[in-house]
Every structure is written in structure tokens, then in C-alpha cells.
Amino acid sequence: MNDLIKGIHKVEVALRWDPSPAGQPPTDLDIVAGTYLKSAPYGDPDYLVHFDSRSPDGTIHLNRDSKDGKGFGWDEVMTLELDRLDARYARVVVGVIVQQRPAGRTFVSVANPGLRIREGYTDLAQDDFGGVLGATVATVAEFVRDAAGNWDFQPGVRGFEDDPAAFAQTMGALGRP
């Protein structure tokens, strides 16, 4: 009977941005996803998925990774197969990091950024990071499992001026009761 209950099943998070102007260092945005256990839903992530990694069970993976925004359409794409994620997980938080090499950058220095979160052909959220221009990192989505095991999408782009390496702790603390 659970197959008849609607919830979020498989989600795609996609980023796009324009390349840096000629003579400028490349701009690199990265999607990161943290998974949080039912026993510690607001602590450290059980694991993080980001460039050059995937979840141990293959349910969260980066399909496309751009280091310069020179792709066609969506430059960076991550797929989250929430319906296959083990029952011990209660939350998945997705964020975006502005890589800081070679110089410190915020979203204001990213040319024409865009975010799309969709399930199938249905857009769940879109954003241009205009509300977090001074941030170096941002959370863009939170997926929470309810008591029946269904996943709920909680949208919202929230910017932070964190060091990207410390972002995992910030992500986990969001929504703490």
C-alpha cells in the first residue's frame, strides 16, 4: 500500500552559471549533499557526497561536474534517489559551495547563476542566488522523512559566510528544534 502514498522519490539538483570573463580565474560551484541519521538528525552527516564522490550505496551521485561553467545548459547535476535511501536516514540536506581558489569569492561574483530542483518533469524549486549574494556557501534544499517513511521537500536558499570545509556542520544544524 505504501506505493500509493505520494512523496518525493528521485530528485535532480542542477546548477548553471556563465564562465568567468576572459583573463579572469574560472568560477567553480559545487553541489554537496549530507545525509543525517534518525539517531542524529542535526549532528554531523553520516556521509557527504560531493565532487569525486558518491554515496556508499549509490543512491546519491554527481552526474555532471563543471570546474568553469563552460557546459551546455546545466553545468553541475546531482541525483538523489531518496526512495532507495536506507530507512536509518531521516534527513538529506543539499548545499552549494563557491570554490575559493585562487581568491575568495561569494555568489555576487558568479555570473548568471541558476538553480533547479526537480522530480521527473516537475520543477520543485528554481533560484538565482540573488538573496544570498554575500555568501560563500548556501543550503538549497532539505528532504525530511516522515513517520510513514515518505520524503518531504523543504525548499529555501539560505546563505552563509562559512569556510566551505566547515559547511557540513552548518548544514546539519539547520532546522534544529
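Anything mentioned here points back to the structure above.
What counts and what doesn't
- Residues numbered from 1 in each chain as written.
- Predicted model: local features only at pLDDT ≥ 70, side-chain atom pairs only at ≥ 80, totals over all residues.
- Heavy atoms only, no water.
- Phe/Tyr/Trp six-rings, centres within 6.5 Å; stacked < 30°, edge-to-face > 60°.
- Helix = DSSP H or I, 4+ residues; strand = E, 2+ residues; numbered from the N terminus.
- Buried < 20%, exposed > 50% of the residue type's maximum accessible area, 1.4 Å probe, protein only.
- Pairing = 2+ DSSP bridges.
- Axes fitted to C-alpha atoms, helices over the stretch in contact; angles between N-to-C directions.

**Considering the packing of aromatic side chains**
- Under the criterion given, the structure shown has 3 aromatic pairs.
- On the basis of an interplanar angle of 5° and a centroid distance of 4.6 Å, the ring pair of Phe107 and Phe129 is categorised as stacked. In this pair, Phe107 sits in the loop between strand E6 (89-98) and strand E7 (114-119) while Phe129 sits in the loop between strand E8 (122-127) and strand E9 (137-145), placing the two residues 22 residues apart along the sequence. Here the two residues Phe107 and Phe129 agree in accessibility, since each one is buried.

**Brief notes about the sheet that holds E6**
- Strand order in this open sheet of 5 strands is E3-E2-E6-E9-E10, and the pairing throughout is antiparallel. Edge positions in the open sheet fall to strand E3 (47-49) and strand E10 (151-160), since each of these has one partner strand only. Averaged over all adjacent pairs, the angle separating strand axes in this sheet is 20°, with direction ignored.
- For E6 and E9, the ladder comprises 7 bridges, and the chain directions are antiparallel. From the neighbouring strand, Val94 faces E9, where its bridge partner is Ala141.

**Topic: the sheet that holds E7**
- Read from one edge to the other, the open sheet built from 5 strands follows the order E4-E5-E1-E7-E8, with strand pairing classed as antiparallel. Where the open sheet ends on each side, the last strands, each with one partner, are strand E4 (60-64) and E8. Along the sheet, successive strands turn relative to each other by an average axial angle of 20°, direction set aside.
- Bridge analysis of E4 against strand E5 (residues 76-81) gives 4 bridges, and the strand direction is antiparallel. Looking at E5, one finds that Arg64 is bridged to Val77.

Keep in mind these numbers describe shape, not what the thing actually does.
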